[in-house]
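Listed below are the residues making up each chain.
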Amino acid sequence: MREWVFEAEYIFDGFLASHPRERSNDAVGQRFDAYLDRLSCASNTEERTEDEKTCLGHLFKVLTHMRPHLTRCYDREDFPRTNNDMERTIRALKMHYRRISGRKNWNGYLLRYGCCVAYQEWWLHQPDGEAHLFDRLHDVPPASWKETRHWVRQSHEEQLHRFQFRHQPLNYLASLEKRWGQTDVM
């Protein structure tokens, strides 16, 4: 059973690729699709026990649903492919923020601006990236910018409500009751 998981790992890790061209999104996708076909056939054979069929069927279902997202990283040289690479990238972002802000905890910052932080950091590490980022941001329509700003403010407000509810529940409930009293209820 575990050989099926190891084979998927080898496909994604690139061990089966003997040439750099074989590590593209399309090449890895083709190998992975062939693997999924073999997995589907193996999970439906009669000589398997019910437990094996259930486990292989679940593995097939999960990998099939995740298939569109699993083979996108191979055409980008600087994209983190493993959990360790991703953790290093996140750690670098955290360290950069800590140096800028002087704060030890960065969770609020990440939750509020996480998608934008990684995007900006990536641009800043590209050759002449800051100029390209400003050129790209110059083309953003004002309506889109206002919509993103509204979304960020809403997420910040949700965080603040959660914090207040956890740390000051009586004050939070009193503010809810006050707001409820101000509404027109028929």
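Everything below is about the structure shown above.
None of these values were measured; they are calculated from a predicted model.

Q: When you look at the packing of aromatic side chains in this model, what are you seeing that I'm missing?
A: Each aromatic ring pair is specified by the distance between its two centres and by the angle formed by the two planes. Taken as a whole and assessed by the stated rule, the structure comprises four aromatic pairs. With centroids separated by 5.8 Å and ring planes inclined at 55 degrees, the aromatic side chains of Trp 4 and Tyr 35 adopt a geometry described as tilted. A residue pair is termed long-range when its members are at least 10 positions apart, and Trp 4 in helix α1 (residues 2-13) and Tyr 35 in helix α2 (residues 25-43) qualify at 31 residues. Every member of this aromatic cluster is reached through a ring pair, and the members are Trp 4, Phe 12, Phe 32 and Tyr 35.

Q: Teacher, can you tell me more about unusual backbone geometry here?
A: Most peptide bonds adopt trans geometry, and most residues besides glycine take a negative phi value. With a phi close to 55 degrees, Asp 128 is a non-glycine residue in the positive phi region. With respect to the secondary-structure elements, Asp 128 resides in the loop between α5 (107-124) and α6 (129-138).

Q: What's the story with the nonpolar core in this structure? I'm lost.
A: By size, the foremost hydrophobic cluster in this structure holds 15 residues, and its most contacted members are Trp 4, Phe 32, Tyr 35, Leu 39 and Leu 63. Looking at this core, the elements that each hand over two or more residues are α1, α2 and α3 (50-70). In terms of residues, this core owes the most to one element, α2, which gives six residues. Not counting residues up to four positions away in its chain, the partners in contact with Leu 63 are Phe 32, Tyr 35, Leu 36, Leu 39 and Leu 70.

Parameters at a glance
- Residues numbered from 1 in each chain as written.
- Predicted model: local features only at pLDDT ≥ 70, side-chain atom pairs only at ≥ 80, totals over all residues.
- Heavy atoms only, no water.
- Phe/Tyr/Trp six-rings, centres within 6.5 Å; stacked < 30°, edge-to-face > 60°.
- Helix = DSSP H or I, 4+ residues; strand = E, 2+ residues; numbered from the N terminus.
- Core = buried A, V, L, I, M, F, W, Y, C linked by side-chain atoms within 4.5 Å.
- Buried < 20%, exposed > 50% of the residue type's maximum accessible area, 1.4 Å probe, protein only.
- Contact = heavy atoms within 4.5 Å.

Fair warning: the whole summary comes from geometry, so function is off the table for now.
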